[in-house]
Structures are given as structure tokens and as C-alpha cells.
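Commentary on secondary and tertiary structure
Residues per chain are reported as follows:
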Amino acid sequence: MNNPKQLNLDVKLDEAINLNNFIICPSTEIILKASKDFISGSDTTKTFFLWGKKGTGKNYLLHSINREFLEKKLHSAFISFENSLLDNPSVLEGLEDLDVIFIESMEQFPSLKEWELALFNLINACLLKDCKIFISSKVTAKHLEINLVDLKSRLLAFPAFELPEINEDEKLKAMKEAASRKGWKLEDNVLSYILTHTSRNLSDLMSLMNELDTFSLEKKRKVSIALVRELLISNK
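Residues numbered from 1 in each chain as written. Predicted model: local features only at pLDDT ≥ 70, side-chain atom pairs only at ≥ 80, totals over all residues. Heavy atoms only, no water.

1. Looking at the overall build of the protein
This is how it is decided: Under the scheme used here, helices are H or I runs from DSSP no shorter than 4 residues and strands are E runs no shorter than 2 residues, and both carry numbers assigned from the N terminus. Here the term buried applies to any residue with accessible area under 20% of the maximum for its type, exposed to any over 50%, and partly exposed to those in between, with areas from a 1.4 Å probe on protein chains only. Whether two residues touch is decided by their heavy atoms; if any such pair falls within 4.5 Å, the residues are in contact. For the purpose of counting charges, residues Lys and Arg are taken to be positive, whereas Asp and Glu are taken to be negative. His and the chain ends are not included. Positions of charges follow a simple convention, taking NZ of Lys, CZ of Arg, CG of Asp or CD of Glu.
Looking only at helices and strands, one finds 8 helices and 5 strands in the protein. Along the protein, helices (α) and strands (β) appear in the sequence α-β-α-β-β-α-β-α-β-α-α-α-α when read from the amino end. Considered along the principal axes of its C-alpha atoms, the protein spans approximately 55 × 35 × 35 Å. Taking all 236 residues of the protein together, 48% fall into the buried category. Counting contacts in the protein only where the partners sit at least 6 residues apart, residues at least 24 apart contribute 74% of the total. When the 31 positive and 34 negative side-chain charges of the protein are each reduced to one mean point, those points stand 5 Å apart.

2. Focus: the confidence of the model for the protein
Just so we agree on the cut-off: Confidence of the prediction at every residue is given by pLDDT, a number between 0 and 100.
Per-chain confidence: the protein averages 87 in pLDDT, with 92% of residues scoring 70 or above. Across the protein, the element-wise mean pLDDT spans from 84 in helix H5 (residues 168-181) up to 98 in helix H4 (residues 149-156). Low pLDDT (under 50) marks residues 1-6, which in the prediction has 16 contacts with non-local residues, meaning those over four places away or in another chain.

3. As for the environment of Gly55
Checked against the element boundaries, Gly55 lands in the loop between strand E1 (47-51) and helix H2 (58-71). For Gly55 and Leu205, which are 150 residues apart along the polypeptide, the C-alpha to C-alpha distance reads 9.3 Å. Beyond its immediate sequence surroundings of up to four residues, Gly55 is in contact with Asn201, Leu202 and Ser203.

4. Points about the sheet that holds strand E3 (residues 100-104)
By definition, the strands of a sheet pair up through backbone hydrogen bonds, in either a parallel or an antiparallel sense. Defined as follows: Pairing between strands is defined by DSSP: at least two bridges between them are needed. In this analysis, axes come from line fits to C-alpha atoms, helices being fitted only over the stretch in contact, and the angle between any two N-to-C directions falls in the range 0 to 180 degrees.
Ordered in space as E2-E3-E4-E1-E5, the 5 strands form an open sheet in which the pairing is parallel. The two strands at the open ends of the sheet, each matched to only one other strand, are strand E2 (76-80) and strand E5 (160-162). When strand polarity is set aside, the average angle formed by the axes of neighbouring strands in this sheet is 15°. Judged from the 4 bridges that link them, E3 and strand E4 (residues 132-137) form a sheet pairing that is parallel. Bridging across to E4, Phe102 finds its partner in Phe134.

5. Some details on helix H3 (residues 113-128)
Rule in force here: How far a helix is expected to stretch is found by multiplying one less than its residue total by 1.5 Å.
For H3, with 16 residues, the first-to-last C-alpha span of 23 Å sits near the 22 Å given by 1.5 Å per residue. Turning to H3, its buried residues number three or more, namely Trp115, Glu116, Ala118, Leu119, Phe120, Leu122, Ile123, Asn124, Ala125 and Cys126. In this fold, the buried residues of H3 make contact with E3, E4 and H4.

6. Side note on the nonpolar core
As a reminder of what qualifies: What makes a nonpolar core is a set of buried Ala, Val, Leu, Ile, Met, Phe, Trp, Tyr and Cys residues whose side-chain atoms join them at distances within 4.5 Å.
Within the largest apolar cluster, 29 residues are counted, with the highest numbers of intra-cluster contacts made by Leu92, Met106, Leu119 and Leu155. Elements with a minimum of two residues in this core: E2, E3, H3, E4 and H4. In this view, Leu92 contacts Ile79, Trp115, Ala118, Leu119 and Leu122; residues no more than four positions away in its chain are not counted. Among the nonpolar cores identified, the runner-up in size contains 23 residues, and Phe22, Ile31, Leu50 and Ile166 belong to it.

And the structure:
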């Protein structure tokens, strides 16, 4: 089997990435249950198509599910079509010998005959073996620019789940939970300042929480509006 670096075989993950830390709320209940079914090893959930807008947490969810497989001592490949180094469809050859394959940013998949045939062959090989496939995209399978009819049909047959954009109350809860896991309290006035002066995108907010944690430790100061303002200025 090919083992190019860009496939990130059994990639080591950030310790902070964990499925248990993914926000649990009405908007995410269905997707979390489906994710756990995929991890459980059931033969009925060998494929998974996750779609949603930018910033809803798709990347985090993919990496956290990958962590679950790696902790079981299983082998995975993580392929992102945001990676400009993926220039030859031969990178897909032989991956069906792994336990699970994660494919990120499917909306950027090259709509070229050789790539489409390679992915079609990989999916077929995985279905014949015990290899699972998890695909993420900003659009549904129906709206992917795929010319090979058989490949489009295969992708449409994947159980599909939308990761929705959570509402404002759920974002507040997610941020407070993130702060609590880091050992500090996020005061309401600080939370209000963050939501007023930064991106309201969930992924951006969670990244900011990590930056605040590091910045607070470096400055030896508790998280406050002044500290948030200082961090935001330093990031400009």
C-alpha cells in the first residue's frame, strides 16, 4: 500500500480534541448518536457523509472520531482535499486495507476522470472489506461536482447527516463549558464582549477559547475584557 506523508496515516492528534468535549445540545444530538454508532463497529454503519457550513465544527468532529479509532489501536488515513499536495489519485490505492478512512473537504475533490474512478474503486473495495469511510463536505452529496454517475450513486447511498449551525444560546453554553474544562470561569460580561467583537462562528469561538487559555497563562492574569481586548489587538 502507498504510504505518502500527505495521507496522515494514524495521525497524532491534539490532546484537547475529544468527542466527549463536543457540545451536546438539541442541535447536535442526532449527529453525536450517529457518530457513536459509526465508531461502535456496526456493519450497518460502514459509511458516513457529514455536511454543513464552514465553521460548524466538522473538522473537530472528524478528528475526534479519528481519535476514538486510534485509541482502539485501529489504523486510519486522514485525507483532506484542502491539501494542495494531493496531486495524484494513486494516493487512494490500497487504503481499503486500513480500518477507517476520513476524507475531508469533499467539495474540493478534483472532478477529473482518473480521480473519480480511483475513489469509486476505493469505495467498492472498502464495502467488500471491513474498512469504514467517513466523508465531510460543505455541501450535500447531491451538490458535489461529480461526473462519474456510478460514483455519484455510491456517495448518495452514504447515510448523510447535517452538522447544523448551533443557535446563540447553544454557543454560550459551548463557550462556558470550554472555559470550565480549562479550569476557569467565563463571566457573562466577558462572554458578551467576545460575541460583540469577534466572529460568531463556532469554530472561531472555540479557537479563541484555546488562545485565551494560553494567553492568560502567559500573562498570569485571569480572563477579563481587558485581557480579551489585548489578545485581539495582538492578533491583528
